[in-house]
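Residue-level structural notes
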Amino acid sequence: MSEEVENQSSNKTLDIKKLLKSVLAFKSSDLHLVVGSEPQIRIDKEIRALNLPVLSAKDVEEMAYSLIEDKQKKEFEEHNELDFSFELKEIGRFRANYYRTIHGIACAFRMIPLEIPTLDEYGNPPIFKELVKKEKGLILVTGPTGSGKSTTLASMLHEINMTERRHIITIEDPVEFVHKNIKSLFSQRDVGSNTKSFAAALKYALRQDPDIILIGEMRDAETIGAALTAAETGHLVFGTLHTNSAPGTINRIIDVFAGEEQAQIRAQLASSLVAVISQTLIPRIGSGKVATQEILITNPAVQNQIREDKVHQIYSQMQLNQQETNMTTQAQQLIELLQKRVISRENALKNSNRPEELMKMLEGL
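So, a few notes on the structure that sits alongside this text. All of these numbers come straight from a predicted model, not from anything done at the bench.

Here we come to the nonpolar core. In this structure, Leu131, Met156, Phe238, Ile250, Leu269 and Leu296 are the most contacted members of the largest nonpolar core, which totals 60 residues. Beyond its immediate sequence surroundings of up to four residues, leucine 296 is in contact with Ala246, Ile250, Val274, Ala275, Val276, Val302, Ile314, Met318 and Met327. Judged by nonpolar contacts, the second largest core, of 32 residues, contains Leu20, Ala64, Phe76 and Ile105.

Attention now moves to the sheet that holds strand S13 (residues 289-297). The strand order across the open sheet built from 7 strands is S9-S8-S10-S11-S7-S12-S13, with neighbouring strands paired in mixed fashion. The open sheet terminates on both sides in strands that have one partner only, identified here as strand S9 (185-190) and S13. The mean angle between the axes of side-by-side strands here comes to 15 degrees, regardless of whether they run parallel or antiparallel. For strand S10 (residues 212-215) and strand S11 (residues 236-241), the ladder comprises 4 bridges, and the chain directions are parallel. Each residue of the ladder has a partner; that of isoleucine 215, found in S11, is glycine 239. In the packing of helix H10 (residues 262-272) onto the sheet, contacts are made with strand S7 (137-142) and strand S12 (273-283), and the angle to S12 comes to roughly 80 degrees.

Quick look at the packing of aromatic side chains now. If you walk through the whole model with that rule in mind, you get 6 aromatic pairs. Centre to centre, the rings of tyrosine 98 and phenylalanine 109 are 6.2 Å apart; their planes meet at 80 degrees, and the pair counts as edge-to-face. Here the residue tyrosine 98 occupies a position in strand S5 (residues 92-101), and phenylalanine 109 occupies one in strand S6 (residues 104-112), the gap between them amounting to 11 residues. For the pair shown, tyrosine 98 and phenylalanine 109 are each scored as buried. Every member of this aromatic cluster is reached through a ring pair, and the members are Phe76, Phe84, Phe86, Phe94, Tyr98 and Phe109.

Basis of the calculations
Residues numbered from 1 in each chain as written. Predicted model: local features only at pLDDT ≥ 70, side-chain atom pairs only at ≥ 80, totals over all residues. Heavy atoms only, no water. Core = buried A, V, L, I, M, F, W, Y, C linked by side-chain atoms within 4.5 Å. Buried < 20%, exposed > 50% of the residue type's maximum accessible area, 1.4 Å probe, protein only. Contact = heavy atoms within 4.5 Å. Pairing = 2+ DSSP bridges. Helix = DSSP H or I, 4+ residues; strand = E, 2+ residues; numbered from the N terminus. Axes fitted to C-alpha atoms, helices over the stretch in contact; angles between N-to-C directions. Phe/Tyr/Trp six-rings, centres within 6.5 Å; stacked < 30°, edge-to-face > 60°.

No statement about biological role is implied by the geometric values presented.
As structure tokens, then:
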């Protein structure tokens, strides 16, 4: 434990800025402040308590309110929920969520690297560099909370920024990675602070001369419909959903719409979808995490399956001619990581989106 954290244990009230700085030293992903517990951090998917005093309701409230303005405080007190991001000089950038429990205010902080990793540094497959060169279409990065979706998308936009002269609009809630203009021009918008909603921002984005649009979360039919329209009208659109497989992502998008609208949505999706990357972070043997990425690249066969409501056949298509299509399934990636002794069998099965298929593959080895 760092000396700075140890020194705080004697203080009656912890300093949230010093605490966030100290937590970074542990290379953790998240910090949690909950009444009745000492501060806790997440390392390699596990919650671990810091050797600090148990927090009172007053402790958490003072630390929480020290980071926000009066407008945000009013919003939180009205809705009991608050999402925002912030940067502390010489410490780092964070995404925060405040919420109320039966004991008082609670806070969750996610660490966001100030330096955006390149696609190579993040260990992404070469196909990603080809995907970001597309002139138009929809690219989706999906996965559960904490699966690294934001980092993957930031790395893809960073690749464009280093190689292309484009106008990139991001619509996020809240803005996480802050991009510096290298070759491209960034307009980053925070839902709530800079625009009313994802749907409203998307409506006006098409009048702002964008080449590329990032949608932080495709939550509803209006936002998804606007994203599909933008992708069809000559823009490259990036988006995220909380789904755990490529075929499941397509079904989720279609199911958001009413029955009479689904045929039209299937047609739009078939013509505009470029790729779905479904990502999961799995603990490495020893320490750290490794990403598995199930990759669907649309081709004429996949387009027909979407259009004809045969999404259940897409997974079989993903298994064919993979060296030519650059597609891969999560099960294949898990087997590869197991053979290289990067992850444990237990964690492979726990994180698999098709555990029965994985078990059969393991038996055949």
